[in-house]
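Examination of the molecular architecture
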Amino acid sequence: MSTESRDTGTLDAAADTSPAAASPAAASPPAGRPAEDRPRLSRDMSLSAVLAGFVAVVVSYSGPLVIVLAAASAGRLDTAHTGSWIWAISIGSGLTCIALSLVTRMPVITAFSTPGAALLVTSLGAYSYAEAVGAFVVTGLLISLVGLTGVFGRLMRQVPTAVVSAMLAGILFSFGTGVFTSLRTAPWIAGAVLLAYLLGKRWLPRYAVLLALAAGALCATATSRVHIRLDHIELARPVFTTPAFSVASLIGIAVPLTLATLASQNAPGMAVLTASGYAPKDRLLIGSTGIVSTLLAPFGSHAVNLAAITAAICTGPEAHRDPRRRYVAGVACGAFYLLVGSFGTTLVAFFAGLPKELVAAIAGVALFGALAGGLAGAVKEERDREAALVTFLATASGVTLLGIGSAFWGLVLGVATHVLLTLGRRGERATAGA
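This report concerns the structure included in the present document. Position numbers for residues count from 1 along each chain, tracking the sequence in the order it is written. Local features are withheld for residues below a pLDDT of 70 in this predicted model, meaning they are given only at 70 or higher, and side-chain atom pairs are given and counted only at 80 or more; totals for whole chains, interfaces and linings count all residues. Side-chain figures throughout are based on the complete set of non-hydrogen atoms in the structure, without hydrogens or water.

Considerations on the overall build of the protein chain
The cut-off we apply is this: Runs of E in the DSSP output that reach at least two residues are strands. Runs of H or I that reach at least four are helices, and both are numbered from the N terminus. Per-residue accessibility, obtained with a 1.4 Å probe over protein chains only, is compared with the maximum for each type, and a residue is labelled buried under 20%, exposed over 50%, and partly exposed between these values. What makes two residues a contact is simply this: any of their non-hydrogen atoms within 4.5 Å. What sets the accessible areas is the Shrake-Rupley method with a 1.4 Å probe; for residues, cover comes only from the shown protein chains.
Counting its secondary structure elements, the protein chain contains 22 helices and two strands. Looking at the protein chain as a whole, 52% of its 434 residues qualify as buried. Across the protein chain, contacts joining residues at least 24 apart in sequence account for 83% of those joining residues at least 6 apart. Total accessible area on the protein chain stands at roughly 18,400 Å², and carbon and sulfur atoms take up 67% of it.

Shown next, in the form of structure tokens:
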């Protein structure tokens, strides 16, 4: 392993899931490396990376959080427990973003499980809240076990690179088209975002997303599309709930929540990091998020996991042209998570007041680089193009089967296509060569 690879964690480093590789020392440069080349947060800080972290948090709270609130309503939770839930998933996401990004020197973005929250919309009301919390605890333990044993990572490393890239492109496809569908309902806002981004890419590429955000915000304000109401500001108050365990809640919540989080969140999250040129340490990342989920479950956290869509915002060239300095976006994202979590529903009201077209357009242009990289990686090898195409189409379709999202099914179908089309080819070539 070269000293360059050991510092950045990029794919030219050999995959290592040993406990030693997960330590901060494994991500540090060798003693003989010049001091100016060693990672240091104060020097590596950049406006583009901080902005990427901010955009990632805006996207998280302006959309997926609505599903969490719907699940809380379905479970008949009062304001205190709902606020504690938001606090738990925000603090968990923030702490893991900051710690894992600093340790690995990669832009590790975590978030609360959106598919898991969607599952709870239909199932939470069937159990007492204490039983649901017990199921959350078991979910965290199961994810920790799968992560720390290295089982998850070994499975992911068997997936062809083209399939991983195609899954990333499929995940981001709807966000890319969202820039243009927003033109129908808010042409001035979406148009200003797109034009400012393109002009920025031409003359100020590092600040293209910032210029797009500024232009979109100005147009949204000028057209009276911003509706932010902050009646009062107060700190969040976490509420501890003693877990209760029942066979029914474990089968009805813990099992499907574990599968949905691993398949629909952690698998795409690992894929985003891999497709962006990093070598994520699965035991550290999955195991850590599982442990944090377990600890925060009594306060309402249903699951903290690797992010995919918001991760792509922070792992692409828009965050920073140097991949070694993009970890700052992960640290910034975590800091914004902690800020929002500390004030609970107060700052959530701020994000809810932003026009959806502005959020969609900003997310779309921020993901252009990651989407382009995914498409390029998907078609790079001719022998894997059919499998990549199946993966891309299945993932982009948005289909949900058995409560599991399209990213997982795109991965499964892509691998199946790859196996079907390549099985026996090596033997045939060997026979022909003989």
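Side note on the side chain of Ser293
What counts is decided by this rule: For the purposes of these results, a polar contact is taken to be a pair of N or O atoms within 3.5 Å, where, inside protein, one atom must be able to donate a hydrogen and its partner to accept one; residues adjacent in sequence count only when each atom of the pair is a side-chain atom.
Along the chain, Ser293 falls in helix H14 (residues 282-296). Of the polar contacts made by the side chain of Ser293, one reaches the backbone oxygen of Thr289; its length is 2.8 Å. A polar contact is formed between the side chain of Ser293 and the backbone nitrogen of Val304, at a distance of 2.8 Å.

A few points about helix H10 (residues 161-185)
The following threshold applies: Helix span, as expected, comes to 1.5 Å for every residue beyond the first. The bend at a residue is defined as the angle formed between two axes, one fitted to the seven residues ending at that residue and one fitted to the seven starting there.
Between its terminal C-alpha atoms H10 stretches 38 Å, which fits the 36 Å expected from 25 residues at 1.5 Å a residue. For H10, the principal kink sits at Leu172 and spans about 40°.

Here we look at the side chain of Thr289
Inspection of the secondary structure assignment puts Thr289 in helix H14. There is a polar contact of 3.1 Å between the side chain of Thr289 and the backbone oxygen of Leu285. Within the local environment of Thr289, its side chain forms a polar contact with the backbone oxygen of Ile286, the two atoms lying 2.9 Å apart. Excluding residues that lie within four positions of it along the chain, Thr289 makes contacts with Leu100, Thr110, Val304 and Asn305.

Considerations on the packing of aromatic side chains
This is how the line gets drawn: Only Phe, Tyr and Trp rings take part, Trp by its six-membered ring, and two of them pair if their centres are within 6.5 Å. Stacked means planes under 30 degrees apart, edge-to-face means over 60, and tilted covers everything else.
A full pass over the atoms with the stated rule returns nine aromatic pairs. A centroid spacing of 5.3 Å and a plane angle of 70° characterise the contact between Phe54 and Phe336, whose relative ring orientation is edge-to-face. Taken together, the positions of Phe54 in helix H4 (residues 47-62) and Phe336 in helix H16 (residues 327-343) put the pair 282 residues apart, joining distant regions of the chain. Assessed through its relative accessible area of 26%, Phe54 is described here as partly exposed. According to the relative accessible area criterion, Phe336 is partly exposed, its value standing at 23%. Look at Phe240 and Phe299: their rings are 5.6 Å apart centre to centre, the planes differ by 75°, and that puts the pair in the edge-to-face class. Of this pair, Phe240 sits in the loop between helix H12 (208-222) and helix H13 (247-275) while Phe299 sits in the loop between H14 and strand E2 (304-306); the two residues are 59 residues apart in sequence, bridging distant segments of the chain. In this structure Phe240 comes out as exposed when scored by relative accessible area, which is 51%. What links up through ring pairs into an aromatic cluster is the set Tyr61, Phe112 and Tyr337.

Focus: the nonpolar core
For the record, the criterion: Put simply, buried Ala, Val, Leu, Ile, Met, Phe, Trp, Tyr and Cys residues joined by side-chain atoms within 4.5 Å make one nonpolar core.
Judged by nonpolar contacts, the single largest core of 104 residues is most densely connected at Val55, Trp85, Leu120, Leu172 and Leu285. The element contributing the most residues to this core is H10, with 10 residues. Grouped together as the second largest cluster of nonpolar side chains are six residues, Trp87, Ala88, Ala236 and Leu296 included.

Let's talk about the pattern of salt bridges
In plain terms, the rule: Only one rule defines a salt bridge in this text: a Lys or Arg side-chain nitrogen within 4 Å of an Asp or Glu carboxyl oxygen.
The full count for this structure, using the stated rule, is seven salt bridges. The closest approach of N and O atoms between Arg325 and Asp44, which form a salt bridge, is 4.0 Å. Here Asp44 lies in helix H3 (residues 41-44) and Arg325 lies in the loop between helix H15 (309-315) and H16, a separation of 281 residues in the sequence. Note on Arg325: relative accessible area 23%, which makes it partly exposed. Between Arg157 and Asp282 there is a salt bridge; the shortest N-O distance is 3.0 Å.

Overview of the packing of helix H8 (residues 129-148) against H13
Condition: Helix axes use the C-alpha atoms of the stretch in contact, all axes being lines fitted to C-alpha atoms, and the angles between their N-to-C directions lie in the range 0 to 180 degrees. Oblique is the label for any angle not under 35 degrees, not over 145, and not in the 65 to 115 range, which are roughly parallel, roughly antiparallel and roughly perpendicular in turn. In this scheme the crossing of two helices becomes right-handed for a clockwise turn of the near helix relative to the far one and left-handed for an anticlockwise turn of less than a right angle. In the scheme used here, Gly and all other residues not listed as nonpolar or charged are polar, with Ala, Val, Leu, Ile, Met, Phe, Trp, Tyr, Cys and Pro taken as nonpolar and Asp, Glu, Lys and Arg as charged.
For the pair H8 and H13, the least separation of the axes is 9 Å and the interaxial angle reads 45°. Put simply, H8 runs oblique to H13. The way H8 lies across H13 gives a crossing that is right-handed. Mapping the contact onto sequence places Glu131, Ala132, Ala135, Phe136, Val138, Thr139, Leu142, Ile143 and Val146 in H8 and Ser249, Leu250, Ile253, Ala254, Leu257, Thr258, Thr261, Leu262 and Asn266 in H13. When the residues that make up the contact of H8 with H13 are grouped by side-chain class, the tally is 12 nonpolar, five polar and one charged.

A few points about a nonpolar patch on the surface
Stated formally: Residues enter patches when their relative accessible area tops 30% and they take part in no salt bridge; the joining distance is 9 Å for like charges and 5 Å for the nonpolar side chains Val, Leu, Ile, Met, Phe, Trp and Tyr.
Taken together, the side chains of Leu47, Leu195, Leu199, Trp203, Leu204, Tyr207 and Leu211 make up a nonpolar region of the molecular surface, amounting to roughly 690 Å² of accessible area. At three residues, helix H11 (residues 187-203) tops the list of elements feeding residues into the nonpolar patch. Tracing the backbone through its elements, the reader meets Trp203 in helix H11. For Trp203, a relative accessible area of 59% puts it in the exposed group.

Some remarks on the packing of H10 against helix H20 (residues 385-397)
Running from N to C, H10 and H20 cross one another at 25°; their axes reach a closest spacing of 8 Å. Relative to H20, the element H10 is oriented roughly parallel. Regarding H10 and H20, the two cross each other, and that crossing is right-handed. Of the residues in H20, those in contact with Ala162, Val163, Ala166, Met167, Ala169, Gly170, Ile171 and Phe173 of H10 are Ala387, Ala388, Thr391, Phe392, Thr395 and Ala396. Tallied by class, the residues present in the contact of H10 with H20 amount to 11 nonpolar, three polar and no charged.

Quick notes on helix H18 (residues 356-366)
Most of H18 is tucked away: nine of the 11 residues are buried. All of the buried residues along H18 are Glu357, Leu358, Val359, Ala361, Ile362, Ala363, Gly364, Val365 and Ala366.

So, the environment of Pro280
With respect to the element layout, Pro280 can be found in the loop between H13 and H14. Along the chain, Pro280 and Gly269 lie 11 residues apart, while their C-alpha atoms are 9.7 Å from each other. Residues contacting Pro280, with those up to four places away along its chain left out, are Met106, Met270, Leu273, Thr274 and Leu285.

Purely spatial values, then, with no claim about function.
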